[in-house]
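Observations on chain architecture
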Amino acid sequence: MEQNVKKPISLSGIQPTGVMTLGNYIGAVKNWVTFQDECDCIYMIANLHAITVKQDPAALRKNTLEAFALILACGVDPEKSIAFIQSQVPQHAELSWVLNCYAQFGEMSRMTQFKDKSRKHADNINVGLFTYPILMAADILLYQADVVPVGVDQKQHVEIARDIAGRFNGLYGDVFKMPTPFIPKAGAKIMSLADPTKKMSKSDDNLNSFIAILEDKDSIIRKIKRSVTDSEALVAYREGKDGINNLMTIYSVVTGKSFEEIEREFEGKGYGDFKLAVGETVADYLAPVKDRFNALMGDKAYLESLAADGAEKASRLARRTLSKVYRKVGLL
Ligand code: AQP
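Owing to the predicted nature of the structure, the values given are computational and were not obtained by experimental measurement.

1. Brief notes about the packing of aromatic side chains
Scanning the model with the defined rule gives 14 aromatic pairs in all. Look at Trp32 and Tyr43: their rings are 4.6 Å apart centre to centre, the planes differ by 10°, and that puts the pair in the stacked class. Residue Trp32 is found in helix α1 (residues 22-35), and its partner Tyr43 is found in strand β2 (residues 40-45); the two are separated by eleven residues along the sequence. Here Trp32 falls in the buried class, since its relative accessible area comes to 0%.

What follows is the structure, given as structure tokens:
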């Protein structure tokens, strides 16, 4: 990656809390890949974020390396971008601590994800879950990111990162660049197949609610066939047709067809035909990713060396911002 050409910096991450879903891919990772041509990109596996909910250590270790392989399989190119594992760059935790002291309890209490996850994990409402957005602010601000490609569920967190940056800069001068979220027009929130009023999530207990990027063709088709829709038997993008709207969004992103084209394609046809077409198209779309993933996982030593290399590059950049922050704050 050419460091001295001034391109915007793009930063984002994904938690290794399960296998990446079609939602994560369409909402975020797909854009990470396209941004590589116009930005200096930094992408990470957010394993420090993942431990805000209970994780089995062996599974977390496995999921982390697999998630790293998977972003590469999706097209993140370590020759063009810095790709790394968050825990291998200690500056994230260090800056996070400093920013904790510049974030307010009240503003953190308003975070929607904290409220949702507290409900979902009522037996483990840990402080890390509460301060998750501060760690995310550190992730972004460490690299002086201009743009943060995320799904719409993370918009609030990027906004809080901006608030913290603005507050810090107000006290100490221009230390942090102001990041802007990039949220795709189509697919910013892919919905659960089992309940299309809820976001598709990789850690959902209901395996029928999401499509994992590595799933096989039969399973993808079966899940889409079983997905919850309505009884109108009309393929049309309309208010109140959440399930069909979701499938149309997925089909549109994957094929490049507009909603009008999709409506025409399935005029007079039932949901069975439509769902089969969506299932087959999604499966074919994901098949090459799976092949590349399997090839990468065949050489773990190489994968680990790529991660170490990415961490080294990331750390070099992160150290610059962190030492400036320490200096400004008065830390020896
Ligand atoms: N359903 C979605 N549609 C569009 N984008 C989505 N993202 C997540 N779900 C959808 C985006 O994917 C990126 C990585 O997400 P994450 O791993 O950091 O955590 P998350 O947002 O909490 O995603 P999950 O899949 O729901 O994880 P779990 O189940 O662990 O909570 C982010 O940019 C996110 O916006």
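2. Topic: the side chain of Asn31
Structurally, Asn31 can be placed in helix α1. With relative accessibility at 11%, the residue Asn31 sits in the buried group.

3. Digging into the nonpolar core
Looking at soluble globular proteins, one finds that nonpolar side chains tend to be buried together. Counting 60 residues, the largest nonpolar core has Met20, Phe68, Ile71, Leu72, Phe274 and Val282 as its most contacted members. Listed by contribution, the elements that provide at least two residues to this core are α1, β2, α3 (57-74), β3 (82-85), α9 (217-226), α10 (242-255), α12 (271-297) and α13 (300-329). Here this core takes eleven residues from α12, the largest share from any one element. Apart from residues lying up to four places away in sequence, Ile71 is in contact with Ile14, Met20, Trp32, Tyr43, Ile45, Val76 and Ala83. In terms of nonpolar packing, the next biggest core, distinct from the first, is built from 45 residues, Ile82, Ala103, Ala137 and Val150 among them.

4. Concerning the side chain of His92
With respect to the helices and strands, His92 occurs in helix α4 (residues 91-100). Accessibility expressed as a relative area gives 0% for His92, which makes it buried. For His92, the side chain forms a polar contact with the side chain of Tyr143, separated by 2.9 Å. Residue contacts for His92: discarding those within four places in its chain leaves Met44, Leu48, Phe84, Gln86, Leu135, Ala138, Asp139, Leu142 and Tyr143.

About the thresholds
- Residues numbered from 1 in each chain as written.
- Predicted model: local features only at pLDDT ≥ 70, side-chain atom pairs only at ≥ 80, totals over all residues.
- Heavy atoms only, no water.
- Phe/Tyr/Trp six-rings, centres within 6.5 Å; stacked < 30°, edge-to-face > 60°.
- Helix = DSSP H or I, 4+ residues; strand = E, 2+ residues; numbered from the N terminus.
- Buried < 20%, exposed > 50% of the residue type's maximum accessible area, 1.4 Å probe, protein only.
- Core = buried A, V, L, I, M, F, W, Y, C linked by side-chain atoms within 4.5 Å.
- Contact = heavy atoms within 4.5 Å.
- Polar contact = N/O pair within 3.5 Å; in protein donor to acceptor, adjacent residues only side chain to side chain.

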